[in-house]
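A structural walkthrough
Listed here are the chains, written in short residue letters.
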Amino acid sequence: MDSRYNYTQTEEQMYALWEKADAFNPDSAPEDLKTSKKHFSIIMPPPNANDPLHVGHAIFVTIEDIMIRYHRMLGDDTVWIPGTDHAGIETQFVFEKKLQKKKQSRFNFDRSTLYNMIWEYVQENSGIAVDQIKKLGASADWSRYKFTLDKDIVKTVLETFKQLHKDGLVYRDFRLVNYCTKCGTSYSELEVDHIDQVSPLYFVKYPLVEDPSEFIMVATVRPEPIFADTHLAVNPTDKKHNHLVGKKVLNPLTNEAMTIIADDYVDPEFGTGIVKITPAHDPNDFEIAKKHDLPIKIAINSKGKLTDIAGKFAGLNVASGRKAIVEELTQKGLIDHIDEKYQNRVGTCYRCKRVIEPLPLPQFFIKVQDETKNLVRDALASLDSGETTIHGAGREKILRHWLTNLKDWNISRQIVWGISIPVWYQVEDQEEHITIGFLDAEKKFVQEQLSVLLKTYKLEEIRAGIQSVLADASVPYQVSETQPKTGVWIQETDTFDTWFSSAQWPFVTLQNTIEGDFERFYPTSVMETGYDILPFWVMRMMLLGIYKTGKSPFSDVYLHGLVRDQKGQKMSKSKGNVINPIEVVEKYGADALRMALVIRSTPGQDKSVGEGDFKAMRNFANKIWNATRFVILNNQEQATSKAAIGDAAFYTKLSEVVTESSALLDKLQIGLAADYIYNEFWHWFCDICIEENKAAKLSNKAIIDGITTFIQLLHPFMPFVTETIWQELLEEKVVTTPLLITTPWPNK
RNA sequence: GGAAUGUUAGCUCAGUUGGUAGAGCAUUCGGCUUACAUCCGAAGGGUCAGGGGUUCGAGUCCCUUACAUUCCACCA
């Protein structure tokens, strides 16, 4: 043995050794390991199939692998199911950037061509994430690997949708949705970031019809959709203004007459106490419009351009439209004044940072609170009963808060890269209510009402180049993967929100791996992921998991913190402080990275990690290596040994260490367990026991038992160095089981 | 406006049924002692944010103040 542990040589070999022995597969577990009747299962949070790993991935791989290796050694029937995610919007976004470089956009292609291109692209890169996860030592059962777009997975996901629809929990509705005009898709409210900003607040004058020299003043930060204003509103209890109810004003841009209505949504104290109602472009106004049955006029289209009702301004985008309209209003003398320092919050796209436009679109929603099947209520109940426990500083309260305030979930996305919503719209008699965008034979984009299109094109031509179908909310539809047998139908072009399939991940994976896996491993033991996706993922897994299986998909949720740099700052590409886990693996070894990430970490709490930590843990790996070296050399020199004076106390303490380590791991106190074992190993076993052995106060047998026990305790944390050492010990005939990974956990 | 979390050694953080404060890095001193200089031995350094309370006893429980971080809501 060299005096230094060389991880670059051994890590790959050890992983190959495990794979060769099929050690990650519970169905290949050695007989002498199957001592427990318990099952232990973790579903890996699927990373984007085509993305390289960042530290966040390294954290979850490490923590989950620690749990898995521990339970495997305990003798539990243990499985860790890996997978990757198609990551709908993320991936399409990256792909579109590549198209942009070639001066192309997604609108140059029909749906199926684009889908196939992205599929190819993902295939090319799909090995990246998996390879890197292996480099970190993940003992996941790759024979059970799943991808979110695997045929069997998709089938199960669609079944859930059909069932939800049958139960009345899916509905299609014409509503204001959060739409990003750059990404070209709607989002759920969770994907919208609200950002503080200072914007000019315009005080616009609306002339009274009965006396145009009199004006009603309304404040707005968004003058550009004034074309779509339908009414003004005041609070019915507002004595200053309620005499205006029923009177009419002129729209300052269109000169159309608008009635002033009363609604208690209006805050008399705020602004001028009078609100303009723009149903199509403000969520609150939309609600009021519904309540009072007001017409909906659309001033901004899905491309972010002003529509025809903007007259000479039609075709301008929101920003330049606003400028032009403010100019126009100023000329007309209809702008009273402007508050330049008005602070407000603007919804922006989490992905591209563009301002989100609230646009009225018919979309599919999941009803989260229903009288008979109440998804939210059931999820809360599983928290109440302790069926599911959340680990992570105060996160359970946050989850409860999310659940109690949850709105219906918009699952429609206007992108190609994803699972198609299995819905078909009736074409007959509905031609005037369906708008279609497609590429004609010359690859020219055409968008028109179907009734118009059918005068020039055959339906088959349209289908071949199809990009988007926009059916009015009134158009009848059928839920089906294939075209209904009778009649003429056209398929919905929207795909599901990626999270709709991710939310089903625990059961769709187990239902499609190996016959019997679902019964054997569901509900899973632990769901381990970052606290930042608690509402996106964990909450929704509970909603759909309970709905579909009657059981919460996991009994414990371990939410790890985010990794920060050595100064405690968030990592970001622009700061240049991003840690590339693979670089760390190459420089210090995977064991060092793993240990640095988990030691003294706490669920739900961020952890700062830097070069010094990796170095320290590399040194620790070397320490383990050298302690073993001492034991082996020592053993060779003096093969026989008698019991020594310190042995009894040593064994008592050693057993204590095993008990305590196991207790900490059982309680999911991973960071504490790592710290504890680290200290006992280095500062007790190495500093004291080995020195006592040199002084003949401790027997060689005790030292051998000590090192083998510690190697076992350390294995979940630092699998490579410990397995390497085990192989050395095996050669020396100090140990007997062929692989440490499948060696039983030490007895207490 | 609401909520969560944090404030412990110079730095980054542990400290989970309340019982004489810990680790890594950094600092100082001394050591190549035949497992390890990616090491060993020793040392310095904390009134555990401030205040109040419960208790025989509080970093640990309760109240309160301040500061920090994060999340949610929000209105023209």
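A closer look at the overall build of chain A
Along its length, chain A carries 23 helices and 28 strands. The dimensions of chain A, computed from C-alpha atoms along their principal axes, are 110 × 60 × 50 Å. Expressed as a percentage of the 748 residues in chain A, the buried residues total 56%. Long-range pairs, those at least 24 residues apart, make up 77% of the contacts in chain A with a sequence separation of at least 6. Separation of charge centres in chain A, based on 85 positive and 101 negative side chains, amounts to 3 Å.

Some remarks on the side chain of aspartate 675
Position of aspartate 675 relative to the elements: it lies in helix α21 (residues 670-694). Not counting the four nearest positions on each side in its chain, aspartate 675 is found in contact with Ile599 and Arg600.

A look at the nonpolar core
Core analysis: the largest hydrophobic core is formed by 97 residues, its most contacted members being Phe620, Phe681, Phe685 and Phe717. If you tally residues by element for this core, the top one is α21, at 13 residues. Filtering out sequence-adjacent residues up to four positions away, phenylalanine 685 remains in contact with Phe650, Glu680, Ile690, Ile703, Gly706, Ile707 and Phe710. Among the nonpolar cores identified, the runner-up in size contains 81 residues, and Ala379, Ile421, Tyr531 and Leu559 belong to it.

Describing the pattern of salt bridges
Pairs may arise between side chains of opposite charge once their charged atoms sit close together. Scanning the model with the defined rule gives 42 salt bridges in all. A salt bridge links glutamate 210 to lysine 247; the nearest nitrogen and oxygen atoms lie 3.8 Å apart. You can see glutamate 210 sitting in the loop between β7 (192-207) and β8 (215-220) and its partner lysine 247 sitting in the loop between β9 (231-234) and β10 (248-250), a full 37 residues away along the chain. Overall, lysine 247 belongs to the partly exposed group, its relative accessible area being 25%. For arginine 222, the salt bridge identified is with glutamate 224, shortest N-O distance 3.0 Å. For the residue pair arginine 222 and glutamate 224, the accessibility class agrees, reading buried in each case. Three or more residues joined by partner-sharing salt bridges are found here, namely Asp27, Asp77, Asp141, Arg144, Asp517 and Arg520.

Description of the pairing of strand β11 (residues 257-262)
Inspection of the sheet shows β9 paired to β11 by four bridges, in the parallel sense. Note that in β11 the partner of alanine 233 across the bridge is isoleucine 261. The pairing of β10 with β11 spans three bridges and is antiparallel. Paired with lysine 248 across the strands is threonine 259, a residue of β11.

Details of the sheet that holds strand β13 (residues 335-349)
In space, the three strands of this open sheet follow the order β8-β7-β13, with antiparallel pairing throughout. Here the strands that pair on one side only, and so sit at the sheet edges, are β8 and β13. Going across the sheet, the axis of each strand differs from the next one's by a mean of 20°, ignoring polarity. Pairing of β7 with β8, which is carried by six bridges, proceeds in the antiparallel orientation. Of the residues in β8, the one forming a bridge with tyrosine 206 is isoleucine 216.

Let's talk about unusual backbone geometry
The bulk of non-glycine residues show a negative phi, and the bulk of peptide bonds are trans. A cis amide bond links tyrosine 522 to the next residue, proline 523, at an omega of 0°. Its location among the elements puts proline 523 in the loop between α15 (517-521) and β25 (524-530). If you check the backbone angles, aspartate 429 has positive phi at about 70° while not being a glycine. Inspection of the secondary structure assignment puts aspartate 429 in the loop between β18 (423-426) and β19 (434-439).

A look at helix α6 (residues 151-166)
A rise of 1.5 Å per residue sets the reference length of α6, with its 16 residues, at 22 Å; its end C-alpha atoms lie 22 Å apart and thus fit the reference within 8%. Along α6, the residues that are buried comprise Ile153, Val154, Thr156, Val157, Leu158, Thr160, Phe161 and Leu164.

Details of the side chain of asparagine 251
Within the secondary structure, asparagine 251 is located in the loop between β10 and β11. Judged by relative accessible area, asparagine 251 falls into the buried class, the value being 1%. Within the local environment of asparagine 251, its side chain forms a polar contact with the backbone oxygen of isoleucine 226, the two atoms lying 2.9 Å apart. One polar contact links the side chain of asparagine 251 to the main-chain amide nitrogen of leucine 253, over a distance of 2.9 Å.

Digging into the protein's contact with RNA strand B
Taken together, the neighbourhood of RNA strand B is formed by 46 residues, with Arg4, Tyr342, Arg345, Ser608 and Gln669 sitting nearest. Of what RNA strand B places within 4 Å of the protein, 61% of the atoms are sugar or phosphate. In the environment of RNA strand B, a base nitrogen lies 3.5 Å from a nitrogen or oxygen atom belonging to the backbone of cysteine 686. For the surface near RNA strand B, the elements supplying multiple residues, two or more each, are β8, β13, α10 (395-404), α19 (611-637) and α21. Each residue belonging to the surface near RNA strand B can be placed in one class, and the counts come to 18 nonpolar, 17 polar and eleven charged.

So, the sheet that holds strand β20 (residues 445-449)
The three strands lie next to each other as β20-β19-β21, forming an open sheet whose pairing is antiparallel. Among the strands making up the open sheet, the edge pair consists of β20 and β21 (466-471). Direction aside, neighbouring strands of the sheet carry axes that sit 10° apart on average. Across five bridges, β19 lies against β21 in antiparallel orientation. Bridged to glycine 437 within β21 is serine 468.

Describing the confidence of the model for chain A
Put simply, chain A has an average pLDDT of 89, and 99% of its residues get 70 or more. Confidence metrics for the complex model read pTM 0.91 and ipTM 0.93.

Things to note about α10
Of the positions making up α10, those classed as buried are Arg395, Leu399 and Leu403. Along α10, the residues classed as buried sweep out an arc of 80° about the axis, all on the same side. Counted as exposed and oriented over 90 degrees from the buried face of α10: Lys397 and His401. Where α10 is buried, its residues contact α9 (375-384), β15 (389-391), α16 (534-549) and β26 (554-560).

Conventions used here
Residues numbered from 1 in each chain as written. Chains lettered and ligands numbered in written order. Predicted model: local features only at pLDDT ≥ 70, side-chain atom pairs only at ≥ 80, totals over all residues. Heavy atoms only, no water. Helix = DSSP H or I, 4+ residues; strand = E, 2+ residues; numbered from the N terminus. Buried < 20%, exposed > 50% of the residue type's maximum accessible area, 1.4 Å probe, protein only. Contact = heavy atoms within 4.5 Å. Lys, Arg positive; Asp, Glu negative; His and termini not counted. Charge placed at Lys NZ, Arg CZ, Asp CG, Glu CD. Core = buried A, V, L, I, M, F, W, Y, C linked by side-chain atoms within 4.5 Å. Salt bridge = Lys/Arg side-chain N within 4 Å of Asp/Glu carboxyl O. Pairing = 2+ DSSP bridges. Axes fitted to C-alpha atoms, helices over the stretch in contact; angles between N-to-C directions. Expected span 1.5 Å × (residues − 1). Polar contact = N/O pair within 3.5 Å; in protein donor to acceptor, adjacent residues only side chain to side chain. Near = heavy atom within 4 Å. Nonpolar A, V, L, I, M, F, W, Y, C, P; charged D, E, K, R; others polar. pLDDT = per-residue confidence, 0-100. Arc of directions from axis to C-beta.

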